[in-house]
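Descriptive structure summary
Residue strings, one per chain:
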Amino acid sequence: MKRTTFFSILAAFFLAVSTLNLLAQSIWTGGAGTTNWNTSGNWTGGVPNATKTVTINTCSTCPRISTSGNQSKFVQIYAGGKLTIANGGSLTIENPGGPGMKTHATSQVQINQGGGLTIQNFWGEGLAIGGTLTNGGNISINGGHTGIAVSAGASFTNNANGTTSVTGSSLNYGMTSSGTVQNNGIFTLDDANNDGISQQTGTITNGQNGTLNLTKTGVNAIFAKGTFNNNGILNID
């Protein structure tokens, strides 16, 4: 009897934990037939908020953020998934307990002019890019270990209208890259204890109209083992 009671309690505990995990997730389905991030019918688990993790799988009707003040705890975009942050739209990812946003091969993130992505109080990688990310708006990253990590085969483009800022008192690397990085806007990597940029392979290009700021780096402003091209303005302080 005691053993039965113990296992019954244990089963109830795991069921409760499983239920809480499901309640803390928002999975994009596009079930309402629109791209609206704020439509509950487009999600399993409801519209994301500061306590929920977001999963975006392969989609043909993919989410689009067009309003300000949106929040999430963590965002993961799998192969074939896409997220667009439009003019006037913003998303803040805060206190994820680990990485902030992770994207996989063939996924896409598009931040249009006037759109914004903020990632803060993370540990690990603020923005881990495995697919394609194009920024024509504003990206602000503040947290610990690595601000942006670009994997082999992935690409990060900061367009002419794009502003990307990475900082953090416990930051080790502003950006690590084994992929392709193109800066045509303003890109600031600040306060990294080790390297501002740590490149293992791939290509990093600061374009003719690009401004790349590397400030308060502890060991190397730029540690480049791949191809690094500077055709614009490079400020190292």
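Throughout what follows, the structure given in this document is the object of discussion.

Cut-offs and rules
- Residues numbered from 1 in each chain as written.
- Predicted model: local features only at pLDDT ≥ 70, side-chain atom pairs only at ≥ 80, totals over all residues.
- Heavy atoms only, no water.
- 1 Å grid on protein atoms, 1.4 Å probe; cavity = no way out; pocket = protein on both sides within 12 Å on 5 of 7 lines; lining within 4 Å.
- Points joined across faces, edges and corners; volume = space filled by probe spheres on them.
- Helix = DSSP H or I, 4+ residues; strand = E, 2+ residues; numbered from the N terminus.
- Nonpolar A, V, L, I, M, F, W, Y, C, P; charged D, E, K, R; others polar.
- Disulfide = S-S within 2.5 Å.
- Buried < 20%, exposed > 50% of the residue type's maximum accessible area, 1.4 Å probe, protein only.
- Phe/Tyr/Trp six-rings, centres within 6.5 Å; stacked < 30°, edge-to-face > 60°.
- Pairing = 2+ DSSP bridges.

Regarding empty space enclosed by the protein
- This structure, assessed with the given rule, holds 1 cavity of 30 Å³ or more.
- The computed volume of the largest cavity comes to approximately 40 Å³.
- Around the largest cavity sit Met175, Val181, Asn183, Phe187, Ile197, Ile204, Thr205, Asn206 and Leu212, which together line it.
- Those elements that provide at least two residues to the lining of the largest cavity are β17 (180-183) and β20 (203-206).
- Among the residues forming the lining of the largest cavity, the class breakdown is 6 nonpolar, 3 polar and no charged.

Some details on the state of the cysteines
- Taken as a whole and judged by the stated rule, the model has 1 disulfide.
- One disulfide in the model links cysteine 59 with cysteine 62; its S-S distance is 2.1 Å. The sign of the 110° torsion about the S-S bond sets the cysteine 59-cysteine 62 disulfide as right-handed.
- By relative accessible area, cysteine 59 is classed as buried at 17%.
- Judged by relative accessible area, cysteine 62 falls into the buried class, the value being 13%.

Some words on the packing of aromatic side chains
- A complete count under the given rule lists 3 aromatic pairs for this structure.
- Measuring from ring centre to ring centre gives 5.0 Å for tryptophan 28 and tryptophan 43, while their planes differ by 85°; the resulting arrangement is edge-to-face. Here tryptophan 28 is found in strand β1 (residues 25-28), whereas its partner tryptophan 43 is found in strand β2 (residues 43-44), with 15 residues between them in sequence.
- Given the relative accessible area of 6%, tryptophan 43 is considered buried.
- Ring centres of phenylalanine 156 and phenylalanine 187 lie 5.7 Å apart, and the angle between their planes is 75°; this geometry places the pair in the edge-to-face category. Of this pair, phenylalanine 156 sits in strand β14 (residues 155-158) while phenylalanine 187 is found in strand β18 (residues 186-190), placing the two residues 31 residues apart along the sequence. Note on accessibility: phenylalanine 156 and phenylalanine 187 belong to one class, buried.

Details of the sheet that holds strand β12 (residues 132-135)
- Here we have 8 strands laid out as an open sheet, ordered β4-β7-β10-β12-β14-β17-β20-β23, and parallel in their pairing. Whereas interior strands pair on both sides, the edge strands pair on one side only; in this sheet they are β4 (64-65) and β23 (227-230).
- Relative to β20, β17 runs parallel, the two sharing 4 bridges. Residue threonine 180 lies in a different strand from β20, and its bridge partner there is threonine 203.

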